Amino acid sequence: MEEKEKKKQKQIGVRGEDDQPLVMPGIRRFQFFTNVDDRALTINLNRVAMFGIAAALTVDVGKAVVNGIPQSIYCYECRACYGTQDKCPVGITFQAELVVAARVTDYDRFLRNGGLRCIRCGSCQSFCVQYLNLARIFGTMQILTMKALRKGKLPKRMVQKAFDDGLINKDFIDEVAAFLA
């Protein structure tokens, strides 16, 4: 009777106790997810995970393309542009943070790291190992930030903090001061 049951299990694809892989002599490891009966669930979980990854990637890339900053998706945040710190005329220290903020349209991160202080001189561009046009990326994000400011999408406290910390350059100071008044 046991022989028939073992044969039936072999046909279905379920591993028996004797069929489990050996970890050490005399010790078997039970692999539940390798049994054929369990694979349907595993395949569906993989599909859900892959759908989630694809959706996140689409949003991340799509946002940058729609906002006119497609070059920002090529930044892999190596932080080589941080070598500019002593050469940046306005003292921006974290240029990679500005690129990431531009890629995902994060106005708060852009303001906190001095994105509106940037004068787009391009001195950080020579440090970029991907040869990204950082001045263009920052300039486009500055335009998007000012559009969001005009539409009232930015919290007043966030803009006030950037203003108080001196993170706004002369090109935007009048408009920001009018917004805060």
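Because the structure is a prediction, the values reported are computed rather than measured. (Residues numbered from 1 in each chain as written. Predicted model: local features only at pLDDT ≥ 70, side-chain atom pairs only at ≥ 80, totals over all residues. Heavy atoms only, no water.)

Trainee: Hey, could you run me through the nonpolar core in this one?
Mentor: Side chains of nonpolar character tend, in soluble globular proteins, to be buried together. Ranked by size, the top nonpolar core spans 36 residues in total, and within it Leu111, Leu134, Phe138, Leu154 and Val176 carry the most contacts. Broken down by secondary-structure element, the contributors of at least two residues to this core are helix H3 (95-104), helix H4 (107-112), helix H5 (134-151), helix H6 (156-164) and helix H7 (173-180). Residues in contact with valine 176, not counting those within four places in the same chain, are Met146, Leu149, Val159, Phe163 and Ile168. (Core = buried A, V, L, I, M, F, W, Y, C linked by side-chain atoms within 4.5 Å. Buried < 20%, exposed > 50% of the residue type's maximum accessible area, 1.4 Å probe, protein only. Helix = DSSP H or I, 4+ residues; strand = E, 2+ residues; numbered from the N terminus. Contact = heavy atoms within 4.5 Å.)

Trainee: Hey, could you run me through the environment of proline 70 in this one?
Mentor: Position of proline 70 relative to the elements: it lies in the loop between helix H2 (36-66) and H3. According to the relative accessible area criterion, proline 70 is partly exposed, its value standing at 38%. For proline 70, the residues in contact, after removing those within four places along its chain, are Ala64 and Val65.

Trainee: Would you explain the packing of H3 against H5 in this entry?
Mentor: A pair of packed helices is characterised by two quantities: the angle between their axes and the separation of those axes. The contact between H3 and H5 brings their axes to 10 Å, and the two run at 55°. Considering the angle they form, H3 stands oblique to H5. H5 is crossed by H3, and the crossing has left-handed handedness. Where H3 abuts H5, its residues Gln95, Leu98, Val99, Ala101 and Ala102 lie against Leu134, Ile137, Phe138 and Met141. (Axes fitted to C-alpha atoms, helices over the stretch in contact; angles between N-to-C directions. Parallel < 35°, antiparallel > 145°, perpendicular 65-115°, else oblique. Left-handed = near helix turned anticlockwise from the far one by under 90°.)

Trainee: What is the right way to look at the pattern of salt bridges in this model?
Mentor: Opposite charge on two side chains allows them to pair when their charged atoms are near. Overall, the coordinates contain 11 salt bridges when judged by the stated rule. Put simply, aspartate 60 and arginine 103 hold a salt bridge, and the shortest N to O gap is 3.9 Å. Taken together, the positions of aspartate 60 in helix H2 and arginine 103 in helix H3 put the pair 43 residues apart, joining distant regions of the chain. The partly exposed category is assigned to aspartate 60, whose relative accessible area is 28%. In this structure arginine 103 comes out as buried when scored by relative accessible area, which is 8%. With a closest N to O distance of 2.4 Å, arginine 150 and glutamate 175 form a salt bridge. Residue arginine 150 is located in helix H5, and its partner glutamate 175 is located in helix H7; the two are separated by 25 residues in the primary sequence. By relative accessible area, arginine 150 is classed as exposed at 54%. Among the charged side chains, a salt-bridge network with shared partners connects Asp60, Glu77, Arg79, Glu97, Arg103 and Arg109. (Salt bridge = Lys/Arg side-chain N within 4 Å of Asp/Glu carboxyl O.)

Trainee: What's the story with unusual backbone geometry in this structure? I'm lost.
Mentor: In terms of backbone geometry, most residues other than glycine have negative phi values and most peptide bonds are trans. Even without glycine at this site, arginine 120 takes up a positive phi of about 60°. Looking at where arginine 120 falls in the secondary structure, it is placed in the loop between H4 and H5. For arginine 120, a relative accessible area of 33% corresponds to the partly exposed category. One non-glycine residue with positive phi stands out, namely tyrosine 131, at about 55°. By the secondary structure assignment, tyrosine 131 is in the loop between H4 and H5. For tyrosine 131, a relative accessible area of 70% gives the class exposed.

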